[in-house]
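Below, each chain spelled out in residue letters.
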Amino acid sequence: VSPSKCGDYRILLPTQQLANAKTIVVQAPDGLKHVAPCVAHLVHEHAPKARVYIHGDSSFGACDLQYPQLQATLDPDVIIHLGHTPYPKELAHPRLEPAERPRIVYARALSTRRPPRAAVARAAEMLASHGARRVVLLSTGQHTHLLPWLALALSRRGLRVRVPPPSPPYFELGQVIGCDYRLAAPADAYVIVSGGLFHALGLYLARRRPVVKIDPYRGEAIDATPEGEKTLRVRLYKVAQAMDARRWGLIVGLKTGQYRPWLVDRLARALEAAGREYRLLAYETLTVDSLRNIDSPWFEAFVVTSCPRLPIDDFAGYEKPVLTPGEAVMALRGELEPYRFPW
Ligand code: SF4
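Please read these numbers as outputs of a predicted model, since none were measured by experiment.

Turning our eyes to something else, we now look at the overall build of the chain. Scanning the chain for helices and strands turns up 10 helices and 15 strands. In summary, the chain has a C-alpha radius of gyration of 21 Å against a globular reference of 20 Å for 343 residues, a match within 12%. With the C-alpha coordinates aligned to their principal axes, the bounding extent of the chain is approximately 60 × 55 × 30 Å. The long-range fraction of contacts in the chain, counting pairs at least 24 apart against all pairs at least 6 apart in sequence, stands at 69%.

Below, the discussion takes up the side chain of D77. Looking at where D77 falls in the secondary structure, it is placed in the loop between α2 (67–72) and β5 (78–82). A distance of 2.9 Å separates a polar atom in the side chain of D77 from a polar atom in the side chain of R101. Those residues in contact with D77, other than ones at most four positions away along the chain, are A21, K22, T23, R101, P102 and R103.

Right, let's talk about helix α6 (residues 225–242) for a bit. Over its 18 residues, α6 extends 26 Å from the first C-alpha to the last, a length consistent with the 26 Å expected when each residue adds 1.5 Å. Every buried residue of α6 is listed here: T225, G228, T231, L232, R235, K238, V239 and A242. Down the axis of α6, the buried side of the element spans an arc of 135 degrees, and every buried residue falls inside it. Residues of α6 that are exposed and point more than 90 degrees away from the buried face comprise R233 and Y237.

A word on the sheet that holds strand β8 (residues 160–162). Ordered in space as β8-β7-β9-β10-β11, the five strands form an open sheet in which the pairing is mixed. Both outer strands of the open sheet, β8 and β11 (220–223), are each paired with one neighbouring strand and no more. This sheet shows a mean twist of 25 degrees between the axes of neighbouring strands, independent of strand direction. Pairing geometry for strand β10 (residues 211–215) and β11, over four bridges, is antiparallel. In the strand pairing of β11, K213 is matched with I222. Packing against the sheet, helix α4 (residues 147–155) makes contact with β7 (134–139), β8, β9 (189–193) and β10, and its axis sits at approximately 155 degrees to β7. Sheet contacts for helix α5 (residues 198–207): β7, β9 and β10; angle to β9, the most-contacted strand, approximately 155 degrees.

Judged by which residues are buried, strand β1 (residues 2–6) turns out to be one-sided: S2, S4 and C6 face inward and are buried, whereas P3 and K5, on the alternate face, are not. Between β1 and strand β2 (residues 9–13), which pair antiparallel and follow one another directly, the connecting turn spans two residues, one of which, G7, has a positive phi of 60 degrees.

What follows is about the state of the cysteines. Applying the stated rule across the entire model yields one disulfide. In this model C6 forms its disulfide with C38; the gap between the sulfur atoms is 2.0 Å. In this structure, the disulfide formed by C6 and C38 twists by about -75 degrees around the S-S bond and is classed as left-handed. With C6 in strand β1 and C38 in helix α1 (residues 36–46), this pair connects stretches of sequence that are 32 residues apart. Relative accessible area serves as the criterion here: at 1%, C6 is assigned to the buried category.

This part is about the packing of aromatic side chains. Within the structure shown, the criterion is met by five aromatic pairs. Ring plane angle 80 degrees and centroid distance 6.4 Å describe the contact between F302 and Y318, whose orientation is recorded as edge-to-face. In this pair, F302 sits in strand β14 (residues 301–304) while Y318 sits in the loop between α9 (310–314) and β15 (322–323), placing the two residues 16 residues apart along the sequence. Of the residues examined, Y318 reaches a relative accessible area of 4% and is grouped as buried. An aromatic cluster is built from W298, F299, F302, F315 and Y318, whose rings are joined through pairwise contacts. A cation over a ring is seen here: R114 above W149, with NZ or CZ 4.0 Å from the ring centre. Between R279 and the ring centre of W298, over which it is positioned, the NZ or CZ distance is 4.5 Å.

Calculation criteria
- Residues numbered from 1 in each chain as written.
- Predicted model: local features only at pLDDT ≥ 70, side-chain atom pairs only at ≥ 80, totals over all residues.
- Heavy atoms only, no water.
- Helix = DSSP H or I, 4+ residues; strand = E, 2+ residues; numbered from the N terminus.
- Rg over C-alpha atoms; globule rule 2.2 N^0.38 Å.
- Contact = heavy atoms within 4.5 Å.
- Polar contact = N/O pair within 3.5 Å; in protein donor to acceptor, adjacent residues only side chain to side chain.
- Expected span 1.5 Å × (residues − 1).
- Buried < 20%, exposed > 50% of the residue type's maximum accessible area, 1.4 Å probe, protein only.
- Arc of directions from axis to C-beta.
- Pairing = 2+ DSSP bridges.
- Axes fitted to C-alpha atoms, helices over the stretch in contact; angles between N-to-C directions.
- Disulfide = S-S within 2.5 Å.
- Phe/Tyr/Trp six-rings, centres within 6.5 Å; stacked < 30°, edge-to-face > 60°.
- Lys NZ or Arg CZ within 6 Å of the ring centre and 35° of its normal.

This is the structure we're talking about:
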């Protein structure tokens, strides 16, 4: 691995994996797209004879490798997927990655931003306001290198801090992704290092305990708990709305890591057992407009098996309930407790 600086990121590029590659595609999530040209430059240095493409389309996560399309067109030897660790196979299906070509190379992008001490002090105050003593410290993939330092800084303020160990090859030290919070062991409260509210909200929904976010980009700490509580209330309302729905749309994902046959089968059986009808709807990219195109009075509710963040982040305002898998199970059982997220 050769660490190189690209803007505000340290890129860990496994250069030995590029040997003899003739065609290489550099793929990045939207938030890291601006770093991709610099990474392509690094790739040129290590594989000067290769033709290097920067993939301009959105790639939402390691669940979204898009290798079948790339295989059928550019036919690359290597896809460099920037900023994510591999998607957990047990959540998707065995063919999540190609059997042979192209080789998927995961290159980490570690942010060089460090939150100021004042943000850490503010986070400790927020945790104290929740009466928290035992906290679990987590991060998105861009900031996991900060966790040992932050754990020490928070423990000096009287907190008992635990950082979950890595779970290779899927998770680095204390790492979570938007649809997998299994590393978040039980605690009084959680601290998450991330930009935006996306991961903090998912963590709140998964654990329903106070969540404080430390944002290295903005250099501040934010108590995400009130926003988490508000989101949970909306979700429970959606579950209640769907309880009487007789006819469902069961949405199947076509992205590489969002096709979950085990989950589709489980929900199909649950719908049948509850005496509901359903239609299978297959989508690569589900948007409000693309669902509205298919929607008709026949459908009374939808459940999304592709990305469980879509119902929460994109469909909260949709006129019919659009649920995560866990929420659909709750609705079919007629239960509002315990809240299940995401599966
Ligand atoms: S939250 Fe959605 S986009 Fe992110 S890794 Fe999970 S399935 Fe993919």
